[in-house]
Amino acid sequence: AVVSTQSTGSTLQSATKIAPTLDRDTRVLQPSAGLQRFEVSPDFYRVTREDLATEQKRRAEELDRCEILRTKATRDRDAGVGMRIYHYTVIRVRFPDGIYLQGTFSAHDTVESVFKFVESALRHPLPFSLIVPGSTALKRDGSLLKNAGLVPTGVLNLSPAESAEFTLLSDEMVCKLSEM
């Protein structure tokens, strides 16, 4: 048994290492009819006294914190309080026809990898930009997804350079279509 264990150990040490690759778990999603119509009751917009008091207290604490002289390391540490470390992120890209392309990425992947992922799902190559809602277009560069604010999840809008009357997704991707 000792000889068997030693031979197995030497075999494992001499074997070539296989690096695992992340499965993108590509999904194509179409919002159901119930998700497309979303109505909020008027009570949603009402602000109570407690809400105002809580917000005032939060702002006063933030103002006090800003008035104290602190080192950059202290500011960075305070900014990171409560932040979790994520290893993966789920990115959804919304196409002009309302269909979402979803993929799983490493938090250390680059923005360029998202562009390549979208390009691989397109029917025909075409110029496009990816836009963070309420923000500007993502730059196609080597910046990390976590630095772009896309961790642990992110939703991007695909904006083609030219309008198309048909779906931009390849037939293979359209076959994977399922409801949210």
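Residues numbered from 1 in each chain as written. Predicted model: local features only at pLDDT ≥ 70, side-chain atom pairs only at ≥ 80, totals over all residues. Heavy atoms only, no water.

1. Some words on the overall build of the chain
Then, in step 1: Scanning the chain from terminus to terminus reveals six helices and six strands.
Then, in step 2: Counted from the first residue to the last, the chain has its helices and strands arranged as α-β-α-α-α-β-β-α-β-β-α-β.
Then, in step 3: Computed over its C-alpha atoms, the radius of gyration of the chain comes to 24 Å, more than 25% above the 16 Å expected for a compact globule of 180 residues.
Then, in step 4: Along the longest, intermediate and shortest principal axes, the C-alpha atoms of the chain span 75 × 55 × 30 Å.
Then, in step 5: Counting only residues that meet the buried cut, the chain has 23% of its 180 residues in that class.
Then, in step 6: Counting only carbon and sulfur atoms, one obtains 55% of the accessible surface of the chain, whose full area is about 13600 Å².
Then, in step 7: Put simply, the chain has 23 plus and 23 minus side-chain charges, and the middle of one group is 5 Å from the middle of the other. (Helix = DSSP H or I, 4+ residues; strand = E, 2+ residues; numbered from the N terminus. Rg over C-alpha atoms; globule rule 2.2 N^0.38 Å. Buried < 20%, exposed > 50% of the residue type's maximum accessible area, 1.4 Å probe, protein only. Areas by Shrake-Rupley, 256 points an atom, 1.4 Å probe, with all protein chains shown as cover. Lys, Arg positive; Asp, Glu negative; His and termini not counted. Charge placed at Lys NZ, Arg CZ, Asp CG, Glu CD.)

2. Section: the pairing of strand S4 (residues 128–131)
Two faces, one strand: in a regular strand the side chains alternate between the faces of the sheet.
Then, in step 1: Because side chains alternate across S4, one face comprises the buried residues Phe128 and Leu130, and the other comprises Ser129 and Ile131, none of which is buried.
Then, in step 2: As paired elements, S4 and strand S5 (residues 153–160) share four bridges and run antiparallel to each other. Residue pairing in the sheet places Ile131 in a bridge with Asn157 of S5. (Pairing = 2+ DSSP bridges.)

3. Quick word on the nonpolar core
Then, in step 1: Of all hydrophobic cores here, the largest spans 25 residues; its most connected members are Phe95, Leu101, Val118, Phe128, Leu130 and Leu158.
Then, in step 2: Put simply, the parts of the chain that give this core at least two residues each are strand S2 (88–94), strand S3 (100–106), helix H5 (111–121), S4 and S5.
Then, in step 3: Examining the composition of this core, we find that six residues originate from one element, H5, more than from any other.
Then, in step 4: For Leu130, the contacting residues outside a window of four places in its chain are Val93, Val114, Phe115, Val118, Ala137, Leu138, Leu156, Asn157 and Leu158. (Core = buried A, V, L, I, M, F, W, Y, C linked by side-chain atoms within 4.5 Å. Contact = heavy atoms within 4.5 Å.)

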